[in-house]
Amino acid sequence: MTAPRRRLVRPTASRPEPDLQRQRQLQRLRARLERERAALARWQQRLRRAFNTVEKLHRSLASLERRIARIRE
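Residues numbered from 1 in each chain as written. Predicted model: local features only at pLDDT ≥ 70, side-chain atom pairs only at ≥ 80, totals over all residues. Heavy atoms only, no water.

**Focus: the overall build of the protein chain**
Then step 1. Counting its regular elements, the protein chain contains 1 helix and 0 strands.
Then step 2. Its C-alpha atoms give the protein chain a radius of gyration of 34 Å, clearly above 11 Å, the size a compact globule of 73 residues would have.
Then step 3. For the protein chain, the proportion of its 73 residues judged to be buried stands at 1%.
Then step 4. When the accessible area of the protein chain is evaluated, it comes to approximately 8,300 Å², of which 53% is carbon and sulfur surface.
Then step 5. Both charge centroids of the protein chain, one from 22 positive and one from 7 negative side chains, sit 10 Å from each other. (Helix = DSSP H or I, 4+ residues; strand = E, 2+ residues; numbered from the N terminus. Rg over C-alpha atoms; globule rule 2.2 N^0.38 Å. Buried < 20%, exposed > 50% of the residue type's maximum accessible area, 1.4 Å probe, protein only. Areas by Shrake-Rupley, 256 points an atom, 1.4 Å probe, with all protein chains shown as cover. Lys, Arg positive; Asp, Glu negative; His and termini not counted. Charge placed at Lys NZ, Arg CZ, Asp CG, Glu CD.)

In structure tokens, the structure reads:
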């Protein structure tokens, strides 16, 4: 009985595949992050323009209301 009774069957060390998969996933996530940041920047510009317009209209309305109040007195 020179042969061992049983052999341990271990999977081969295939580490590069999960590492490549992780790298691809990171690359996809970074690309998506960049797209989302660009979209947010575009929306913030629109929001800023809209906010400035609303402020301008508020000032105009206040001015008109003051003028009307002055004329009524």
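**Here's the deal with a positive patch on the surface**
Then step 1. Judged by side-chain charge, Arg42, Arg46, Arg48 and Arg49 come together as a positively charged surface patch.
Then step 2. By secondary structure assignment, the location of arginine 48 is in helix 1 (residues 16-72). (Patch = residues over 30% accessible without salt bridge, like charges linked within 9 Å, V, L, I, M, F, W, Y side chains within 5 Å. Salt bridge = Lys/Arg side-chain N within 4 Å of Asp/Glu carboxyl O.)

**Regarding the packing of aromatic side chains**
Then step 1. Here the structure, examined in full by the defined rule, presents 0 aromatic pairs.
Then step 2. For the cation-ring pair, arginine 46 lies above tryptophan 43, with the distance from its terminal atom to the ring centre recorded as 4.7 Å. (Phe/Tyr/Trp six-rings, centres within 6.5 Å; stacked < 30°, edge-to-face > 60°. Lys NZ or Arg CZ within 6 Å of the ring centre and 35° of its normal.)

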